[in-house]
Amino acid sequence: SASKDSLSVSQLSVVRAEEVYGLDREQRLAVNRLLADSVHWRLAVDSDNSNPGLEVVKNEIPAYHPYFMQSDIDLDNRVDFAIGLLRDSTIALFWFSKTDSGYSAARFAASATWFDECGFAMYPRPGQLSFGRFNSDDGVLFTWDSVKNDLTLSPETEEDTPSE
């Protein structure tokens, strides 16, 4: 195995995420595929978050990470996961559906510059992907639409989403 000094930026990003998020082998493979297609992006980690409320959340829930979550997003009774990627001041959210052979290709959810002040829901609900500012109603909420076989932006989200 290569030393950390000889790893590419995307490989370093995955190593860092594995250490921070405890990704399993299948999750690492899925994230590697995403990063191979996103060469100017890297995984967002806790230290990329600028909201002082994160410290309060981490005191309450030490295992919480603002840019990583696991839940049954697509309501198939399997644990999916979502992750944030960072480029300059923009954070993009992607999610991966658990399959029989590992995880699906990454599916884009949203991106914004104000996401550096936000995090995934501390207690995710099945069939939802929620991301917002701590101690605030500002954020985005996606719900699983079994007809479209995809996440859809909840209508009430649009009024709570800050403009950039």
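If you're wondering where the values come from, they're calculated on a predicted model, not measured in any experiment. (Residues numbered from 1 in each chain as written. Predicted model: local features only at pLDDT ≥ 70, side-chain atom pairs only at ≥ 80, totals over all residues. Heavy atoms only, no water.)

**Re the pairing of strand 10 (residues 139-145)**
Here is step 1: The element strand 10 is largely enclosed, with a buried count of 5 among its 7 residues.
Here is step 2: Of the strand pairs in this sheet, strand 9 (residues 128-133) and strand 10 are connected by 5 bridges, and their pairing is antiparallel. Looking at the pairing, S130 lines up with L141 of strand 10.
Here is step 3: Counted along the chain from strand 9 to the antiparallel partner strand 10, the turn is 5 residues long, and its residue N135 has a positive phi close to 55 degrees.
Here is step 4: Judged from the 4 bridges that link them, strand 10 and strand 11 (residues 150-153) form a sheet pairing that is antiparallel. Counted as the bridge partner of W144 is L151 from strand 11. (Buried < 20%, exposed > 50% of the residue type's maximum accessible area, 1.4 Å probe, protein only. Helix = DSSP H or I, 4+ residues; strand = E, 2+ residues; numbered from the N terminus. Pairing = 2+ DSSP bridges.)

**A look at the pattern of salt bridges**
Here is step 1: Inspection of every chain in the model, using the stated rule, returns 8 salt bridges.
Here is step 2: Its salt-bridge partner being K58, residue D46 comes within 3.1 Å of it at the nearest N-O pair. With D46 in the loop between strand 1 (42-43) and helix 3 (53-60) and K58 in helix 3, the pair connects residues that are 12 residues apart, well separated along the chain.
Here is step 3: Here E117 and R133 are joined by a salt bridge, their closest N and O atoms 2.7 Å apart. Here R133 lies in strand 9 and E117 lies in the loop between strand 7 (107-112) and strand 8 (118-120), a separation of 16 residues in the sequence.
Here is step 4: Given the relative accessible area of 29%, E117 is considered partly exposed. (Salt bridge = Lys/Arg side-chain N within 4 Å of Asp/Glu carboxyl O.)

**Some thoughts on the confidence of the model for the protein chain**
Here is step 1: Of all residues in the protein chain, 83% have pLDDT values of 70 or greater, and the mean over the chain is 85.
Here is step 2: The low-confidence segment residues 1-8, where pLDDT is below 50, has 6 contacts with residues more than four positions distant or belonging to other chains.
Here is step 3: Per-residue pLDDT stays below 50 along residues 159-164; that stretch engages in 13 contacts with residues further than four places along the chain or on separate chains. (pLDDT = per-residue confidence, 0-100. Contact = heavy atoms within 4.5 Å.)

**As for the side chain of D46**
Here is step 1: For D46, a relative accessible area of 15% puts it in the buried group.
Here is step 2: Of the polar contacts made by the side chain of D46, one reaches the side chain of K58; its length is 3.1 Å. (Polar contact = N/O pair within 3.5 Å; in protein donor to acceptor, adjacent residues only side chain to side chain.)

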